[in-house]
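Listed below, chain by chain, are the residues.
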Amino acid sequence: MIELRPEQIQLNANVTDKDAAIRAAGKLLADSGNIDPRYVESMFGREAVANTYLGNGISIPHGLPKDRDYVLQTGICVVQSREGVTWKEGETAHLIVGIAAKSDEHITVLRRLTRVLGNKELVHKLIHTDDSADIIEALTGERPAPAAPVVPDYDQKFTATITNAHGLHARPATTFVTLAKRFAASVRVRNGNEVADGKNMLSLLQLGVGGGDEITVSAAGADAPAALAALKAGIAEGLGDEDEEESVVSGSLNWRPAHPTKTVVGVAAANGLAIGVIQQHAPQAIIVEDNPADRLLEGEILQNSLTEAKDELENVYNEVKTRLGAGKATIFQAHIELLNDPALVQSTVQRIFQGHSAAWSWQQVINERVEQMSKLDDAILAARSADLSDAGNRVLRKMLGIQSADAISTEQPVILVADDLTPSDTAALDTDSVLGFCTAAGGPTAHTAIIARSLGIPAVVASGESVLDIPSGTPCILDGFNGKLYLEPNSADVVAAQQAQISQQQIKNAAYVDRLQPANTTDGHHVEVAANVNRASDATVAIENGADGVGLMRTEFLFLERDSAPTEEEQYAAYKAMVEALDGRPLIIRTLDIGGDKNVDYLGMTDMDNSFLGLRGIRLCLARPDLFVTQLRALYRAAAHGSLQIMFPMIATLGDFEQAKGMAEAVRAELNAPSVPLGMMVEVPSAVVLADQFAAEVDFFSVGTNDLTQYVLAMDRLHPQLAKRTDSLHPAVLRMIDQTVKAAKKHDKWVGVCGGVAGDKAGAVLLTGLGVNELSVSSPDVATIKAEIRSRSLAEMQDLAQQALACRNAADVRKLVQ
């Protein structure tokens, strides 16, 4: 809570005009150590471009965002003028609340001002009181308390060169802000003469830090050295950024239509060749009328809408992380950080105070910021204005009661044409229906393009507004390699394009041709290659990509993005659809694995300091039999329709498995259902240490290398600085897998691996060499992994695996395989 001390209040001040009032407020802030005196001129600068009068005798003079370098410590002051000073014609200010804002601590005061503003009796009291405690209580909710010493010490600092190719764009900026917020210290980042709050995402982005720029990071506070050390290490390790290729084209395509008619030229954003018909997509514009209600109500609308939008973004993050990986999902963490910017809230609240609705105020503020960001010199950073617009519109829809953005639906596979697509639009695309897209605006470095590349669909951007005039239904060929859209091709060109598609697919992934062939080594050893999926439609794609079955169906996604747990019937329908989609192929369904990096509000789980060590996986299921038994009933009912195996997550003790197995058997007996194999995830060291005992009880093991790696190495796999070091090919992890395989073989049980390392070619080689029987990977990786196994002998892989167990670190292991 921000402090307001008696010495920061000037009662019955002798100020004759607005300028004098602002200077009096500035002096109070400077004397209190909140600002450098130069900030006062910035307060006058603000008045030149905006009116800080709120109404009912209250004004809130404050400086411009560009001058936050002069704010030493967030704080406020109050100048009381009983006679009042003219702020603007017809506006008389009696309470001048000066604000020096460098973080979001002052927002609570602004909210309290909303209540004060609507209470004329209280305002009259504060204008005439002789007791500064009355003002303090009104603005902070507390009577004066001893003030903590102000220590504006920014002498502790370091300089660093940003090595990220695209500078501090949204994803590395998100990691920086997340790191900074772990410390109480105030953090500033300087790029040339511009300074940003290191805990403010939007402020950091607006610095325009590019690749190769040198920045200065400084901190003040008790834990400043620790904060600076963590930030310095984070910058050195790339702030969790993924390496994006300088060119978005990973291959080349020399194909051109022999008889082109009309060609739309844009910028290549995601490679690939698509043949189909145009479907124009014009989302419904969000029109906001300024119809304000009571100011207190408008303030509640703002707060509630922000909360709902952030919760929704958390769900989007979890979904995208599963489909496309943590790196791409960070885009939506960045959206959350953008909404955490206190300046957005402050500017919106100010407009509400001036008599406008929350929705109108929010839209105005977002539009202004989007325009500012789009004018940044760095193209990468300017492209992030689309992220702010996307996140801002998500909040706006909540304010207006629009549940979600217009769904992009198609009756047939199409090539989508739009002015632009938001990251949210793109992440939600159904790749069975949308073959590719072409936009009038956008850029190859925007998050929309990055997501398109992850989805594996071709994209062309920046094609110009003329593309919006193409009628829906127009036949076309989209060339994502060369950034061209060919309209109304003749039949010969269509045939040629189809041949080019086949040729390019062979170049991109030679293994795809033999994707349905078994993964047999050159000396005849067979390895099953399955897929990790979330729903029945994913299983169909996996089988088409050559998967031998499903090694992991994640059931938690039936529980996400909803307000209550799925019923038995809903779950039964989903599991039955999965069984039928696989048509007799192996299917392993993991029971509910909520907790850790996945949470569900309606389950009422309490916050935990480290959710990865808390009530998650099988622990939650055993603690909530209402959830577990319902799921088991649905699973056993679905088992009547085909092959199905059940796997329990996060088994740490023999008691965990025995209790889960007992509950499963009770449900099976009650339903008179067929017996199904019951296996367990090997994700924690205790499961490995006791693997010989577990092997006597289970039907199979499936090693979850993502969690096993973080527990073995004691490194949070979601930590922005440690994520790149949690390599599952570390010898310590490989030794754990080796021990598990040996224990399983003694009891004639099979072992699978469903973690990320199974989809890594080096990982597949070593796991096969260790004796793993099944590799379960993401669908796009199936053909590659099968081809890699077919290219080697088991003897060779066994030799490499034994050498890997003797390596010193993961880097040495990877060099060995390469």
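Everything discussed here concerns the structure shown above.
For clarity, every value in this text was computed on a predicted model and none was experimentally measured.

## A few points about the overall build of the protein
Counting secondary structure elements, the protein contains 30 helices and 26 strands. Taking all 818 residues of the protein together, 55% fall into the buried category. Considering only intrachain contacts with a sequence separation of at least 6, the fraction spanning at least 24 residues in the protein is 70%.

## Remarks on the sheet that holds strand 6 (residues 156-161)
In space, the four strands of this open sheet follow the order 6-9-7-8, with antiparallel pairing throughout. In this open sheet, the two edge strands, each paired with only one partner strand, are strand 6 and strand 8 (194-197). Averaged over all neighbouring strand pairs, the angle between strand axes comes to 25°, with direction disregarded. Examined bridge by bridge, strand 6 and strand 9 (residues 214-220) share six bridges and lie antiparallel to one another. Within strand 9, the residue paired with Lys 157 across the bridge is Ser 218. Contacting strand 6, strand 7 (186-191) and strand 9, helix 8 (residues 224-236) crosses the sheet at an angle of about 5° to strand 6.

## Here's the deal with the pattern of salt bridges
Scanning the entire structure with this criterion turns up 26 salt bridges. Measuring nitrogen to oxygen at the nearest pair gives 2.9 Å for the salt bridge that ties Arg 668 to Glu 665. On the criterion of helical spacing, the pair formed by Arg 668 and Glu 665 is a turn pair, its members being three residues apart in helix 22 (residues 654-671). Of the residues examined, Arg 668 reaches a relative accessible area of 17% and is grouped as buried. Classification of Glu 665 by relative accessible area gives partly exposed; the value is 37%. What you see here is one network of salt bridges that share partners, running through Glu 568, Glu 569, Arg 633, Arg 637 and Glu 670.

## Looking at the pairing of strand 12 (residues 273-281)
Summarising the sheet, strand 12 and strand 16 (residues 475-479) pair through five bridges and their orientation is antiparallel. Across the sheet, the residue bridging to Leu 273 is Asp 479, located in strand 16. Pairing of strand 12 with strand 13 (residues 414-418) involves five bridges; the strand directions are parallel. Bridging from a neighbouring strand, Ile 278 pairs with Ile 415 of strand 13.

## Let's talk about the pairing of strand 5 (residues 91-100)
Counting buried positions along strand 5 yields nine of 10 residues, so the element is predominantly enclosed. Bridge count between strand 4 (residues 75-88) and strand 5: nine bridges; the pairing is antiparallel. The residue bridging Gly 75 from the neighbouring strand is Ala 100, located in strand 5. Connecting strand 4 to the antiparallel partner strand 5 that follows it, the hairpin turn spans two residues, and Gly 90 within it adopts a positive phi of roughly 85°.

## Section: the packing of aromatic side chains
Enumeration over the complete set of coordinates arrives at three aromatic pairs. Ring centres 6.1 Å apart and planes at 70° place the aromatic pair Phe 628 and Phe 648 in the edge-to-face group. Of this pair, Phe 628 sits in helix 21 (residues 625-639) while Phe 648 sits in strand 22 (residues 645-648); the two residues are 20 residues apart in sequence, bridging distant segments of the chain. Taken as a pair, Phe 628 and Phe 648 share a single burial class, namely buried. Aromatic pair Phe 648 and Phe 657: ring centres 5.9 Å apart, planes at 65°, arrangement edge-to-face. When the ring centre of Tyr 572 is taken as origin, the NZ or CZ atom of Arg 637, which lies over that ring, is 4.1 Å away.

## Quick look at the packing of helix 27 (residues 761-770) against helix 29 (residues 794-805)
As a packed pair, helix 27 and helix 29 sit with axes 7 Å apart at the nearest point and diverge in direction by 95°. On the basis of their axis angle, the class for helix 27 and helix 29 is roughly perpendicular. Across the interface between the two elements, Val 765, Leu 766, Thr 768, Gly 769 and Leu 770 from helix 27 touch Leu 794, Met 797, Gln 798, Leu 800, Ala 801, Ala 804 and Leu 805 from helix 29. Taken together, the residues of the contact of helix 27 with helix 29 sort by class into nine nonpolar, three polar and no charged.

## What to know about the packing of helix 21 against helix 22
Contact geometry for helix 21 and helix 22: axes closest at 9 Å, N-to-C directions at 50°. One element, helix 21, and the other, helix 22, form an angle in the oblique class. Considering the relative orientation of helix 21 and helix 22, their crossing is right-handed. When helix 21 is examined against helix 22, the residues Pro 625, Phe 628, Val 629, Leu 632, Arg 633, Tyr 636 and Arg 637 are found in contact with a partner set consisting of Ala 660, Met 663, Ala 664, Val 667, Arg 668, Glu 670 and Leu 671. Grouping the amino acids of the contact of helix 21 with helix 22 by side-chain chemistry returns 10 nonpolar, no polar and four charged.

## So, the sheet that holds strand 14 (residues 434-439)
Taken in spatial order, the eight strands make up an open sheet running 10-17-16-12-13-14-15-11, and their pairing is mixed. The sheet is open, and its two borders are formed by strand 10 (262-265) and strand 11 (267-270), each paired with just one other strand. Taken pair by pair, the neighbouring strands of this sheet meet at an average axis angle of 30°, ignoring direction. Relative to strand 17 (residues 484-487), strand 16 runs antiparallel, the two sharing four bridges. Pairing of Asp 479 across the sheet is with Lys 484, part of strand 17.

## Here we look at the side chain of Arg 351
Its place among the elements puts Arg 351 in helix 11 (residues 342-353). Discounting residues that sit within four places of it in the chain, Arg 351 has contacts with His 356, Trp 360, Ser 361, Gln 364, Val 365 and Glu 368.

## Some thoughts on helix 14 (residues 385-400)
Between its first and last C-alpha, helix 14 extends 22 Å over 16 residues, near the 22 Å set by a 1.5 Å rise per residue. Taken across its 16 residues, helix 14 has 12 buried, putting it largely inside the fold. Residues of helix 14 that are buried include every one of Ser 385, Asp 387, Leu 388, Asp 390, Ala 391, Gly 392, Arg 394, Val 395, Leu 396, Arg 397, Lys 398 and Met 399, and no others. One or two positions beyond helix 14, positive phi appears at Gly 401, with a value near 80°.

## What to know about the environment of Ala 459
Its place among the elements puts Ala 459 in strand 15 (residues 459-461). Among residues more than four places away in sequence, those in contact with Ala 459 are Val 267, Ala 268, Ala 269, Ala 270, Phe 437, Ala 452, Leu 478 and Gly 480.

## As for the state of the cysteines
Considering all chains together, one arrives at zero disulfides under this definition. Counting only cysteine sulfurs, Cys 476 is the nearest neighbor of Cys 438, a cysteine outside any disulfide, at a range of 8.5 Å.

## Thoughts on the side chain of Ser 347
Summarising the element assignment, Ser 347 is placed in helix 11. Overall, Ser 347 belongs to the buried group, its relative accessible area being 16%.

Reading the values: rules and limits
- Residues numbered from 1 in each chain as written.
- Predicted model: local features only at pLDDT ≥ 70, side-chain atom pairs only at ≥ 80, totals over all residues.
- Heavy atoms only, no water.
- Helix = DSSP H or I, 4+ residues; strand = E, 2+ residues; numbered from the N terminus.
- Buried < 20%, exposed > 50% of the residue type's maximum accessible area, 1.4 Å probe, protein only.
- Contact = heavy atoms within 4.5 Å.
- Pairing = 2+ DSSP bridges.
- Axes fitted to C-alpha atoms, helices over the stretch in contact; angles between N-to-C directions.
- Salt bridge = Lys/Arg side-chain N within 4 Å of Asp/Glu carboxyl O.
- Phe/Tyr/Trp six-rings, centres within 6.5 Å; stacked < 30°, edge-to-face > 60°.
- Lys NZ or Arg CZ within 6 Å of the ring centre and 35° of its normal.
- Parallel < 35°, antiparallel > 145°, perpendicular 65-115°, else oblique.
- Nonpolar A, V, L, I, M, F, W, Y, C, P; charged D, E, K, R; others polar.
- Left-handed = near helix turned anticlockwise from the far one by under 90°.
- Expected span 1.5 Å × (residues − 1).
- Disulfide = S-S within 2.5 Å.

Treat this as a map of the structure, not an account of what it does.
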